[in-house]
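# Inside the fold
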Amino acid sequence: MNSSVYDVLVVGAGIAGQEAALNLANMNYKVLLVEKDKSIGGFMVQLSKVFPTLDCAACITTPKMSETMRHTNITVMTYTEVLEIERNSESFITTILKHPRYVKEDACTGCQECEIACPEIKADEYNYGMTGRKVAYVPFNLANPRIASIDRKNECAPCISTCPGGVKAYGYVSLVRSGLYEEAMNLHLEDIPLPGSLGRACYAPCEGECTRKETDGSVNIRQIKRFFSDHYYTKYSEPKTDPIEIKSEKKVAVIGSGPSGLTAAYHLAKYGHEVKIFEADNALGGMLKSAIPSFRLPNEIVDRDIKNITSLGVKHELNKRIDNLEDLKLKGFDAIYISVGTHETVKFDCKGKDLSGVICCLSFLKDVNSDNKPDLTGKTVMVFGGGNVAMDSARSALRLNAERVVIIYRRERAQMPAADIEITEAEKEGIEFQYLKNPVEFIGKNKKLSAVKCIDMKLGEPDDSGRKRPIPIEGSEHIIEADIAIVSIGLLPSSSPFKDDLDLNTNGTIDVNSETLQTSKPYIFAGGDVVTGASSIIEAAGQGKRAAFFIDKYLNNKNLSEYKFDHRLPPASKSDALARIENQESAMPVLAYERSAQERIKDFKEVESTYTEKEAIESASRCLNCGNCRECHLCLEACPANAIDFNQREEEFSVHVKSVILAPGFKLFPPENIHEYGYGKYKNVIHSMQMDRLLAPTRPYHDVLRPLDAKKPDNIAYVLCVGSRNCSVNNCVCSQICCMYSIKQAQLLMGALPLADITIYYIDIRAFGKGFEEFYEQGKEMGVEFVKGKIASIAEKDDGSGDLILRHENIETGEINEAEHDLVVLSVGILPNSEMTSFFKKEKLELDEYNYIKQIDEMISPSKTSIEGVYVAGSASWPMDIPDSILSAGAASAESASYINKIRS
């Protein structure tokens, strides 16, 4: 933690906190002013005018805010919280938590270009939810500091959180929903350069975590990706490549051109390094080209994906097998990335394994993907294994005119490692599955396979994989006739050429640092299947992205342990998103057209089609918007100052101060706690701070309008003492300011809506300040009607007008009356902000009987608290209006200064 020293810590930057900070700063004390909101100003900056003078609140507070921010003796920290204050000798050690804005504060100019670009709208806290604001936003026009923030809520959508490649699925789904297909593609290319391949052959772990899966089915995220990548590739047969501005003089060799190697090369090139790929085969692509059949992933899609990498200047050499790493070092490569995959297969030690017709799965699939496909017309093909490669082999054999294809698996279907969709598609196509069987001998005639002897199995105790171990059943051997046996019982890493140079694990994978992917030789990194074992495209690509990050740090002589690669936030809770559709009709998944099983087994054309534009938008519209921020990065592209930084995280540090002033202000009473008043149920029941916003020059609407239907209200009621002087809601204290701010608003409404009727329902009017009684009488003279009455209930009329029936008892006559109004304003009281008690772990900050911070000596030292050196200012000690808060701040700053001088002497 960083450590700094100040004379005084002021907590809260409302009018009292600013006044106290300025007083001390002008006395040449060093002040740290901490504010938990994104701007200083507190409640005052939201007000229309102040009573009884009706001066503009903004005109008063804005210069004060500017003076506070500019003062050389004041350090202002916004969007920051105090966690703990602990006394240490004659000072206090304060632990502070600064929240991330995801915007560089020293770079942001407040231009709001990010706000204009942001497509996501949330309720605006500044206007109390009456309007919306963007997720990327400047808090309000008069905000100081005028710095934007990205409101991510320290969480991300579950689909983003679970993607092994860090691809922002929620972002591109929302962009497609908005018709921004090219932007969706660009967002994907920030992370992984293979969207075409992933749009077809990814097993979509994001869909497995999709919140919508828990109701009517996941959003078809993979198909949406396929749509925008196909749309982009149709439009751009060649990549749109921006020149790489900063070039390093470093060279990197990438060994292997599968998903991991291609992704690593892509990012390394974008970092400015010179990259060359060495590929042992005759084409780039690795398993994408050699092992995935074209009915799932056509070669032309892989080739177009690869252009995303080669267009950056990445060079390659084909038919080049690397088995001497030192050679590459001598040729001038500063770093090496090994991503050779798993191109070896588990050896099947079974009698007859050398017979003609017993084939390795990878060799078979490579032939399938070549121009010389084998002819299996009329043959019986048996596939041994339960993984995705086994499914691809079996489905390919069917398309090569095999008469019968059988998959033999030694466990049950539930234990198959293949993706469920692959098993299901194979079943649809007529492939037979025989479970709990295992071959014990391949039988041949004239050195050619003719049959397989199999044995039945039963499941025993779980093995190291967690699956139940298959056990042979003695005496259950039987013969199955077969012409071809394709063995697919496991893939092994192709690491043998490096066994003398690098440390290998017992399973043959290369031993690396799990975070950095650095091997036992610092300049060599390794990733993908050669490190993890057989995995998926997106997992391998994610490893390539990670490796590139740390290779770049290595090439720039950085300490790798000081860097964090994955800056994703924790997944958002799904409950809120599910609650939003609780009473909505189901919206079932949009399924892309799929060729019938009878038709598709005749050729190697793709099984499924790409979404139409209409289907893509409809599917994207099913997204529940689980994350607060879409992470679409439109703000990042729009920011002219390059100030957006999604890698920011919470920062905790400590400061030393000699004295503390607590000026956290007050809290508004939540009016929804008085259920009979209908707040939160009826849109035309609002609270008094909402009305202040409607009246302010910076109002949310162009006029004073009621929220339900934007109608100008002409019959407005005020209900005083809502949550104030009410022991039933644990607030027996009079809030002092409610009567006068209600009369202030009534007078302002008379000017804004000259024909409107204004009625104030009150228990009694408390106008005890200077000029307040005159202000009250002036309101009556202007035509404000005052009714001394207790409100029983507020209900909306059932005619659909949105008007309200206010039922009340007239205190003076005892009569029960009903009155109709088209807008009701609840004059809410204020509550103590006593959360500061949690700051002090070893000393007790005492509260008074009403839970305000206790003034130990109210008459002589009104700001003194129960902790020596800690003072209170403003309405944290008692309900106060603005002038009283300023006087209280003056007292607090004077007492704090006196205390500091005392301990110095």
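Structure: see above.
Treat the numbers as computed from the prediction; the structure is a model and nothing was measured. (Residues numbered from 1 in each chain as written. Predicted model: local features only at pLDDT ≥ 70, side-chain atom pairs only at ≥ 80, totals over all residues. Heavy atoms only, no water.)

Turning our eyes to something else, we now look at the sheet that holds strand 25 (residues 484–487). The 5 strands are arranged 17-25-18-19-20 in an open sheet whose pairing can be described as parallel. One side of each edge strand has no neighbouring strand; the edge strands of this open sheet are strand 17 (358–360) and strand 20 (432–435). Taking each pair of neighbouring strands and ignoring which way they run, the sheet shows an average axis angle of 25 degrees. (Pairing = 2+ DSSP bridges. Helix = DSSP H or I, 4+ residues; strand = E, 2+ residues; numbered from the N terminus. Axes fitted to C-alpha atoms, helices over the stretch in contact; angles between N-to-C directions.)

Turning our attention to the environment of Arg 212. Topologically, Arg 212 is positioned in the loop between helix 8 (205–208) and helix 9 (221–235). For Arg 212, the contacting residues outside a window of four places in its chain are Gly 217, Ser 218, Val 219, Ile 581, Ala 587, Arg 622 and Leu 624. (Contact = heavy atoms within 4.5 Å.)

On to helix 16 (residues 420–428), then. Looking only at helix 16, the buried set comprises Glu 422, Ile 423, Glu 425 and Ala 426. For helix 16, the angular spread of the buried residues around the axis is 165 degrees, confining them to a single face. At its buried positions, helix 16 is contacted by helix 15 (388–399), strand 20 and helix 20 (597–600). A positive phi of about 95 degrees marks Gly 430, the residue just after helix 16. (Buried < 20%, exposed > 50% of the residue type's maximum accessible area, 1.4 Å probe, protein only. Arc of directions from axis to C-beta.)

Over its 12 residues, helix 12 (residues 299–310) runs 16 Å from end to end, which matches the ideal 16 Å to within 8%, given 1.5 Å per residue. Taken together, the buried positions of helix 12 are Ile 301, Val 302, Arg 304, Asp 305, Ile 306, Asn 308 and Ile 309. If you follow the buried residues of helix 12, they end up packed against helix 6 (181–189), helix 7 (195–201), helix 9, helix 10 (259–270) and helix 11 (287–290). (Expected span 1.5 Å × (residues − 1).)

Right, let's talk about the side chain of Glu 115 for a bit. Position of Glu 115 among the secondary structure elements: in helix 3 (residues 113–117). There is no salt bridge for the buried Glu 115, and the closest opposite charge comes from Arg 146, which lies 6.7 Å off by N-O distance. Ignoring anything within four residues of it in the chain, the contact list for Glu 115 reads Lys 134, Ala 136, Tyr 137 and Val 138. (Lys, Arg positive; Asp, Glu negative; His and termini not counted. Salt bridge = Lys/Arg side-chain N within 4 Å of Asp/Glu carboxyl O.)

Along the chain, the position of Lys 168 falls in the loop between helix 4 (158–162) and helix 5 (169–177). Those residues in contact with Lys 168 that lie beyond four places of it in its chain are Ile 160, Leu 187, Glu 190, Asp 191, Glu 631 and His 633.

With that settled, consider the packing of helix 5 against helix 9. Between helix 5 and helix 9, whose axes approach to 10 Å, the crossing angle comes to 60 degrees. Classified by the interaxial angle, the pair formed by helix 5 and helix 9 is oblique. Here the hand of the crossing between helix 5 and helix 9 comes out left-handed. Side by side, helix 5 and helix 9 meet where Ala 169, Tyr 172, Val 173 and Val 176 of the first sit next to Ile 221, Ile 224, Lys 225, Phe 227 and Phe 228 of the second. Its residues placed into classes, the contact of helix 5 with helix 9 shows 8 nonpolar, no polar and 1 charged. (Parallel < 35°, antiparallel > 145°, perpendicular 65-115°, else oblique. Left-handed = near helix turned anticlockwise from the far one by under 90°. Nonpolar A, V, L, I, M, F, W, Y, C, P; charged D, E, K, R; others polar.)

Here the focus is the state of the cysteines. Here the structure, examined in full by the defined rule, presents 1 disulfide. Here Cys 727 connects covalently by a disulfide to Cys 732, the sulfurs 2.0 Å from one another. Taking relative accessible area as the criterion, Cys 732 reaches 37% and is therefore assigned partly exposed. Free of any disulfide, Cys 210 has its nearest neighbouring cysteine sulfur in Cys 626, separated by 6.5 Å. Taking relative accessible area as the criterion, Cys 210 reaches 10% and is therefore assigned buried. The thiol of Cys 454 is not disulfide-bonded; the next cysteine sulfur, from Cys 350, is found 8.8 Å away. (Disulfide = S-S within 2.5 Å.)

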